[in-house]
Amino acid sequence: MEILGIDIGGSGIKGALVNAETGEMLTERFRIPTPKSKKPKDMAKVVAEIVDHFNYKGPVGCGFPSIVKNGICKSPGNLDPSWVGVNIDELFTEYTGQEFTVLNDADAAGYASMNYGVGKGKDGLVIMITIGTGLGSGAFYNGILIPNFELGQIPYKKHKKIEKWAAASAKEKEDLGFKKWGKRFNKFLKLVELIVCPDLIIVGGGTSKKWEEFSHHIKIETNVVKAELMNHAGIIGAAVSCLREQHHGHLH
Ligand code: BGC
């Protein structure tokens, strides 16, 4: 079944049609920058533009950059604080006329990797980390999603959350090279290792495209690999999880 997958990020909103049975992307990715206000209505308009671009009618799977519980936004992430409490499913349905299944963006990316990527068949605790405006994390135990892990929220030094110091946005803001930033990212992974003791860490998100530039700075004991679906994982995972939810009423 062909399903529209949308991946909402702090800097871009991206969509593509996906074969939700095979996890294959069927079209080019279409991207519109996230509106500067990062407010619900402005972002819902962009989501509607994406749906229109594909002339799409049907269920939509959507990764969203905050804690999402039963379709409701529970934390601001890097968006406008007015998102907290908004029923994202309902808002996007109102703007597009289509039915939405919304989940955390890193959970969606992890979902794709666990079903079609390097995480396939991997038991134990697998942690997906996405590097973008924030640091997203998705946790899977024996292949089953434990939703809304928020490892990027660990306080670090003077920062309220470590993602302010170690995400791609910090690299950009402070104009850091891959060496300096790579060491910060390694520090973050070290804390993740210390706190949750994973069996495998998969690194995805926009910056994972530059894997060769920073992977040699990763020096932790846990096996750390690149998500080979890279920044498409969020779109694919959103579409696939949407189909599963339609069939089972919950994610597996
Ligand atoms: C949010 C997470 C999200 C991550 C990546 C963080 O700021 O708290 O929920 O997954 O950014 O977008």
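Let us look at the structure shown here. (Residues numbered from 1 in each chain as written. Predicted model: local features only at pLDDT ≥ 70, side-chain atom pairs only at ≥ 80, totals over all residues. Heavy atoms only, no water.)

Taken together, 13 residues are adjacent to the ligand, and Asn104, Asp105, Glu150, Gln153 and Glu163 come closest. Between the ligand and Ser66 there is a distance of 3.5 Å, counted from an oxygen atom to a backbone nitrogen or oxygen. One of the side-chain N or O atoms of Asn104 is found 3.0 Å from an oxygen atom in the ligand. Cavity membership is defined here by more than half of the atoms lying within 2 Å of grid points; on that basis the ligand lies in the largest pocket. Of the residues that constitute the shell around the ligand, the class distribution is 3 nonpolar, 7 polar and 3 charged. Each of domain 1 (2-107 + 232-248) and domain 2 (121-228) contributes no fewer than three residues to the shell around the ligand. (Near = heavy atom within 4 Å. Polar contact = N/O pair within 3.5 Å; in protein donor to acceptor, adjacent residues only side chain to side chain. 1 Å grid on protein atoms, 1.4 Å probe; cavity = no way out; pocket = protein on both sides within 12 Å on 5 of 7 lines; lining within 4 Å. Sits in = over half its atoms within 2 Å of the grid points. Nonpolar A, V, L, I, M, F, W, Y, C, P; charged D, E, K, R; others polar. Domains from an automatic or database assignment.)

Structurally, Thr96 is set in helix α2 (residues 88-96). Taking relative accessible area as the criterion, Thr96 reaches 15% and is therefore assigned buried. Separated by 49 residues in the primary sequence, Thr96 and Val47 place their C-alpha atoms 7.7 Å from one another. In contact with Thr96, not counting residues within four places along its chain, are Val47, Ala48 and Val51. Engagement of the side chain of Thr96 in a polar contact is seen with the backbone oxygen of Phe92, the distance being 2.7 Å. (Helix = DSSP H or I, 4+ residues; strand = E, 2+ residues; numbered from the N terminus. Buried < 20%, exposed > 50% of the residue type's maximum accessible area, 1.4 Å probe, protein only. Contact = heavy atoms within 4.5 Å.)

Now for helix α1 (residues 40-53). Taking 1.5 Å as the rise per residue, α1 with 14 residues should run 20 Å; its terminal C-alpha atoms sit 20 Å apart, in good agreement. For α1, the complete set of buried residues consists of Pro40, Met43, Ala44, Val46, Val47, Ala48, Ile50 and Val51. Tucked inside the fold, the buried residues of α1 contact β1 (2-8), β2 (12-19), β4 (30-33), α2 and β8 (100-104). Positive backbone phi, at 50 degrees, marks Asn55, one or two positions downstream of α1. (Expected span 1.5 Å × (residues − 1).)

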